[in-house]
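Coordinate inspection notes
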Amino acid sequence: MPFGHIVIGPPGSGKTTYCGGMYQFLNALGRKTVVVNLDPANESMRYDCAVNIEDLITLDDAMDAYQLGPNGGMVYCIEYLEKNMQWLLDRLAEHEGCYFIFDCPGQVELYTHNQAIKNIVRKLEKNDFRLACVHLVDASYCTEASRFISVLLLSLTTMTMLEMPHVNVLSKIDLLNQMGQLDFNLEYYTSVMDLDYLLHHLNNGGETSEKFASLNRVICELIEDFNMVGFSTLCITDKHSVAGLLKEIDKANGYIFGALTEGNESILLAADATDMLTEARDAQTRYGLLTKAPTDADASESNSVEVLRGKQNGIESLVERLTIKEHAQTTSRSREEEMT
């Protein structure tokens, strides 16, 4: 029963760097790992590639043969791989007992409306592969409300399209301060808290027309209705960050619940995993991430996390009070029945 994960994300999100870093980290742990390159346009691999799609088809050949552009050629290569899955299965069978990392292309259309990647994953799963999807997005998208909403929509679309265990990741978290400051604390973005607080920034402080303001509101409601998207953070050069992410991936694909074999000692730490809020707070402290100073116009938004915590605490207190009251009523009824 081979385990592994596929790595996807927009161009520039750090997929190849991630694959190289995770490959070294896993092998250092004693988990025998191989990387499978499924990106025919990958010209700067930072890892030893065990299986390479370019041994089957190259992007240049597809473009020259059918007069395609880069995107069309990429789609053709992936669809060609789908029709020649036995080639891939035979190559993977040569690495029995290994953990697999699949480095996938960055073309977004392959995960939003094209079925090729989804069909490839399904065929791997039918051959008893246990896979999760790691979706990398650049953490700099958190610095602007409109960009963050677009990332949420992309992540949600990808999750519903691929229909597999998913771990969304804000990559390059250590470089976030170079890209700008956050409107809220990092935990707001990783947990995707109440998006109403983003609407003020999304609508440019009320300067957006009513029509587009309504559209922004509906988009936020759509994301909240699904309530599926959340993020982990990653600095690929920080072993603590990589280890924390690996725990999430191992839980997603089931590796952490497998046999206690060499390289799988992390199963003993399954109950010790930190939650997203704690992870985000630690990352914000570790990398010194800054938030923008609140203005009079958005003072209420700047305290969104505290407001949400207050709401959550209030709900928990209400539930606790209701539970106590219900228990008291039940006890009272029991005594009356005994007396009767």
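Residues numbered from 1 in each chain as written. Predicted model: local features only at pLDDT ≥ 70, side-chain atom pairs only at ≥ 80, totals over all residues. Heavy atoms only, no water.

Tracing the backbone through its elements, the reader meets Gln 107 in the loop between strand E4 (99–103) and helix H5 (109–112). Among the residues examined, Gln 107 registers a relative accessible area of 17% and is labelled buried. Engagement of the side chain of Gln 107 in a polar contact is seen with the side chain of Asn 71, the distance being 3.2 Å. Residues in contact with Gln 107, not counting those within four places in the same chain, are Asn 71 and Met 74. (Helix = DSSP H or I, 4+ residues; strand = E, 2+ residues; numbered from the N terminus. Buried < 20%, exposed > 50% of the residue type's maximum accessible area, 1.4 Å probe, protein only. Polar contact = N/O pair within 3.5 Å; in protein donor to acceptor, adjacent residues only side chain to side chain. Contact = heavy atoms within 4.5 Å.)

Among the nonpolar cores identified, the biggest contains 36 residues, and Ile 6, Leu 88, Leu 92, Phe 102 and Leu 124 are the most heavily contacted of them. Counting residues in hydrophobic clusters, the runner-up holds 34 residues, among them Phe 148, Tyr 188, Tyr 189 and Tyr 197. (Core = buried A, V, L, I, M, F, W, Y, C linked by side-chain atoms within 4.5 Å.)

All right, on to the packing of aromatic side chains then. Enumeration according to the criterion identifies eleven aromatic pairs in this entry. Measuring from ring centre to ring centre gives 5.3 Å for Phe 3 and Tyr 255, while their planes differ by 90°; the resulting arrangement is edge-to-face. Of the two residues, Phe 3 sits in strand E1 (residues 3–8) while Tyr 255 sits in the loop between helix H12 (239–253) and helix H13 (276–286), which places them 252 residues apart along the sequence. Judged by its relative accessible area of 11%, Tyr 255 is buried. Pairing Phe 184 with Tyr 188 gives two aromatic rings, centres 4.5 Å apart and planes at 45°, and the pair type is tilted. Of the two residues examined, Phe 184 and Tyr 188, each falls in the buried class. A network of ring pairs unites the aromatic residues Phe 148, Phe 184, Tyr 188, Tyr 189 and Phe 231 as a single cluster. Looking at Arg 31, its charged tip hangs above the ring of Tyr 255, at a distance of 3.8 Å from the centre. (Phe/Tyr/Trp six-rings, centres within 6.5 Å; stacked < 30°, edge-to-face > 60°. Lys NZ or Arg CZ within 6 Å of the ring centre and 35° of its normal.)

Glancing now at the side chain of Asp 39. With respect to the helices and strands, the residue Asp 39 is situated in the loop between strand E2 (33–37) and strand E3 (49–52). Engagement of the side chain of Asp 39 in a polar contact is seen with the backbone nitrogen of Ala 41, the distance being 3.0 Å. When residues no more than four places from it in sequence are discounted, the contact partners of Asp 39 are Ile 53, Met 74, Asp 103, Cys 104 and Pro 105.

All quantities given are derived from atomic positions and should not be read as evidence of function.
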